[in-house]
Amino acid sequence: MDASTLDEAARRVLRDNDLGGMVKAAPALYPHQWSWDAAFISIGLAHMSVERALLELRNLFDAQWSTGMIPHIVFSDVPGYFPGPDVWGTTSARAKPGGVLTSGICQPPAHAIALARILDIARSRGGADAARAEAFVTEHLPKIVAWHQWLTDIRDPSGRGLIEIHHGWESGMDNSPRWDSAYAGVTIDELVELRRHDTKVVTDLADRPSDEEYQRYLTLVREMKSVGYDDKMIEKVVSFRVRDVFMTAVLALAADETARMADSLGRGDIADQQRLLAEHARQGVLSTLDPVTRRCRDFDEIRGSWIPAESVASWSVALCGGDETVRREQTAILAGPRWAEHPSLRFKVPPSVSPDDPGFKPRTYWRGPTWPFLNWLFVWALRRHGEDALADRWREQTLAMVADRNFGEYYDPQTGEPAGSHAQSWTAAAIVDWLADPPTEHRAVPRPRPIRSQRESSTCRDRS
Ligand code: 9WN
């Protein structure tokens, strides 16, 4: 497959899914704007038009709640997704801005990672693109700060350094085995009629969560709706409260990137504050480490216990760093024979659950499949840690996987077949970005230098 054919097909997906002010996450399965999808999508868009990329993020940030929360869905007027705005019932939520329909929960804060990438792309082009992106970042830095602050103040009031979530959907890894034990404690108070749209679009039912899982998802929505999505009240009524280690790792990286943008625009005050936030989040991630398995763990607040389930999120230090020994150790595991190099895998990239895990299901959503956008995130993070050879391998393997031009939402890691939706926007966006930035010395866009946390830099200094 030649790169230009693949690139053209990926760009077509983004154009076809474009509703004007927002790109649908997928043509029929997800006809709205999703929060973390929009971040990755905007990176792909930036190669087509910086202006359009910024509009994508503007649309999302315009829906930011007065608390600082970025909602996980901004609804378009295209019908057909369940649960839609009627089920969410956020119109009565005091913090939601008027004039938009949104869900009432959040998703991982990948936005500053995207915006920093767009700023780099725009600056490498210069002229009007650079000026436009810089103006946008200057205008939006306070909104990003408010978003990160909401996550730390409201979702980590005890200052433990770990972000709490109230729904598996907030993690972006909806039915991951990470959440099984917490969901087991959610009592379905009422069996509601499921007007599921997803199972009409995705014909293989094994690809999607079960009806019982959906009943639990909706129970949590009812709990939050019953208190008008008031942050202080939610904590008291919601029956799912988990500290999410992967979301915290994403926050650490996003805060790094906010600091980098702020520094470059003369906002040292914001940069210093975001660096502290990043450091705190990294320490939170490190605090979850299981001394025996070396995995990061989520923490169930209601049961007061660590969640031992293994998943791709177990290797969150490989993503965000914070301790060089642990980062290397986790990277080696994720790149090794239990994960990315598992002999049964068609393409050598990390699946969402290891094929050696008894609960592994190769087609079922977050219980086994490989997600190309997640590979993009890992590749991006690996480069920051100076792991170029591994980054190149995962990039090249993912490109081989998507060469069929279906742009699957996720892939069966053992057959390499696409599953879930096809023409999924963030899959296409990851490809556009990679193809614009090949693994050669002649990179189109400068990469940020490898990061070192304060602790690592001081350790290095101590040694010298
Ligand atoms: C619920 C849009 C979203 C992604 C999530 C993915 C899936 C939604 C769903 O699709 O979740 O938010 O209905 O299954 O799990 O990560 O953002 O692509």
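Residues numbered from 1 in each chain as written. Predicted model: local features only at pLDDT ≥ 70, side-chain atom pairs only at ≥ 80, totals over all residues. Heavy atoms only, no water.

1. Some words on unusual backbone geometry
The residue after Phe82, namely Pro83, is reached through a cis peptide bond having omega 5°. Looking at the secondary structure, you find Pro83 in the loop between strand 2 (73-74) and helix 4 (85-88). One non-glycine residue, Phe407, lies in the positive phi region at around 50°. You can see Phe407 is positioned in the loop between helix 17 (388-401) and strand 7 (410-411). (Helix = DSSP H or I, 4+ residues; strand = E, 2+ residues; numbered from the N terminus.)

2. Thoughts on the environment of Trp88
With respect to the helices and strands, Trp88 occurs in helix 4. For Trp88 and Leu101, which are 13 residues apart along the polypeptide, the C-alpha to C-alpha distance reads 9.4 Å. Setting aside residues no more than four positions away along its own chain, Trp88 makes contact with His72, Phe75, Pro83, Thr102, Ser103, Gly104, Ile105, Trp169, Val221, Lys225 and Tyr229. Of the polar contacts made by the side chain of Trp88, one reaches the backbone oxygen of Pro83; its length is 3.2 Å. (Contact = heavy atoms within 4.5 Å. Polar contact = N/O pair within 3.5 Å; in protein donor to acceptor, adjacent residues only side chain to side chain.)

3. Topic: the sheet that holds strand 6 (residues 305-307)
To summarise the sheet geometry, strands pair through backbone hydrogen bonds and adopt either a parallel or an antiparallel arrangement. One open sheet holds the four strands; their spatial order is 3-4-5-6, and the pairing between them is antiparallel. Two strands bound the open sheet, and with one partner strand each, they are strand 3 (163-165) and strand 6. The average undirected angle you get between the axes of adjacent strands in this sheet is 35°. Here three bridges tie strand 5 (residues 298-300) to strand 6, and the two strands are oriented antiparallel to one another. Counterpart to Asp298 in the pairing with strand 6 is Ile307. Sitting on the sheet, helix 12 (residues 245-264) touches strand 3, strand 4 (242-244) and strand 5, and the angle it makes with strand 4 is about 40°. (Pairing = 2+ DSSP bridges. Axes fitted to C-alpha atoms, helices over the stretch in contact; angles between N-to-C directions.)

4. Concerning the site of the ligand
Around the ligand lies a shell of 17 residues, among which Asp37, Tyr81, Gly172, Asp174 and Tyr365 are the nearest. His72 places a side-chain nitrogen or oxygen 3.0 Å from an oxygen atom of the ligand. Measuring from an oxygen atom of the ligand, one finds a side-chain N or O atom of Tyr81 at 2.5 Å. Against a free-state accessible area of 420 Å², the protein chains account for coverage of 100% of the ligand. Cavity membership is defined here by more than half of the atoms lying within 2 Å of grid points; on that basis the ligand lies in the largest cavity. (Near = heavy atom within 4 Å. Areas by Shrake-Rupley, 256 points an atom, 1.4 Å probe, with all protein chains shown as cover. 1 Å grid on protein atoms, 1.4 Å probe; cavity = no way out; pocket = protein on both sides within 12 Å on 5 of 7 lines; lining within 4 Å. Sits in = over half its atoms within 2 Å of the grid points.)

5. Some thoughts on the environment of Leu377
Position of Leu377 relative to the elements: it lies in helix 16 (residues 372-384). Excluding its chain neighbours within four sequence positions, the residues that come into contact with Leu377 are Phe40, Ile113, Phe246, Val250 and Leu319.

6. Remarks on the nonpolar core
Nonpolar side chains tend toward joint burial in soluble globular proteins. If you look at the biggest cluster of nonpolar residues, it comprises 146 residues, and the most contacted ones within it are Phe240, Phe246, Leu319, Leu374, Trp376, Leu377 and Trp394. The element contributing the most residues to this core is helix 12, with 13 residues. Discounting residues that sit within four places of it in the chain, Phe246 has contacts with Trp36, Met173, Arg178, Asp298, Ala313, Ser316, Leu319, Leu374 and Leu377. (Core = buried A, V, L, I, M, F, W, Y, C linked by side-chain atoms within 4.5 Å. Buried < 20%, exposed > 50% of the residue type's maximum accessible area, 1.4 Å probe, protein only.)

7. Focus on the pattern of salt bridges
Applying the stated criterion to the full structure yields 50 salt bridges. Close ionic contact of Glu257 with Arg384 constitutes a salt bridge, the shortest N to O distance being 2.6 Å. Of the two residues, Glu257 sits in helix 12 while Arg384 sits in helix 16, which places them 127 residues apart along the sequence. We note that Glu257, like Arg384, is buried. Here Glu387 and Arg327 are joined by a salt bridge, their closest N and O atoms 3.1 Å apart. (Salt bridge = Lys/Arg side-chain N within 4 Å of Asp/Glu carboxyl O.)

8. Observations concerning the confidence of the model for the protein chain
One rule of thumb: low pLDDT means the predicted coordinates there are not for detailed reading. In this model, the protein chain carries an average pLDDT of 94, and 94% of its residues clear a pLDDT of 70 or more. Here residues 453-464 is modelled with pLDDT under 50, and outside its nearest four sequence neighbours on either side it reaches 13 contacts, counting other chains as well. (pLDDT = per-residue confidence, 0-100.)

9. A look at helix 5 (residues 111-125)
With 15 residues, helix 5 extends 21 Å from end C-alpha to end C-alpha; this agrees with the ideal 21 Å at 1.5 Å per step. Buried residues dominate helix 5, accounting for 12 of its 15 residues. Turning to helix 5, its buried residues are His111, Ala112, Ile113, Ala114, Leu115, Ala116, Arg117, Ile118, Leu119, Asp120, Ile121 and Ala122. A positive phi of about 75° marks Gly126, the residue just after helix 5. (Expected span 1.5 Å × (residues − 1).)

10. A few points about the packing of helix 17 against helix 18 (residues 425-436)
Direction vectors running N to C along helix 17 and helix 18 enclose 125°, while the axes themselves pass 11 Å from each other. The pairing of helix 17 with helix 18 is recorded here as oblique in orientation. Judged by the twist between their axes, the crossing of helix 17 over helix 18 is left-handed. Residues Trp394, Arg395, Thr398 and Leu399 of helix 17 touch helix 18, and the partners they reach there are Ile431, Trp434 and Leu435. Tallied by class, the residues present in the contact of helix 17 with helix 18 amount to five nonpolar, one polar and one charged. (Parallel < 35°, antiparallel > 145°, perpendicular 65-115°, else oblique. Left-handed = near helix turned anticlockwise from the far one by under 90°. Nonpolar A, V, L, I, M, F, W, Y, C, P; charged D, E, K, R; others polar.)

11. Side note on empty space enclosed by the protein
All chains considered together, the criterion is met by six cavities of 30 Å³ or more. Taken together, 19 residues line the largest cavity, and the ones lying closest to its centre are Tyr30, Trp34, Gln107, Asp174 and Tyr365. Its residues assigned to classes, the lining of the largest cavity shows 11 nonpolar, four polar and four charged. (Points joined across faces, edges and corners; volume = space filled by probe spheres on them.)

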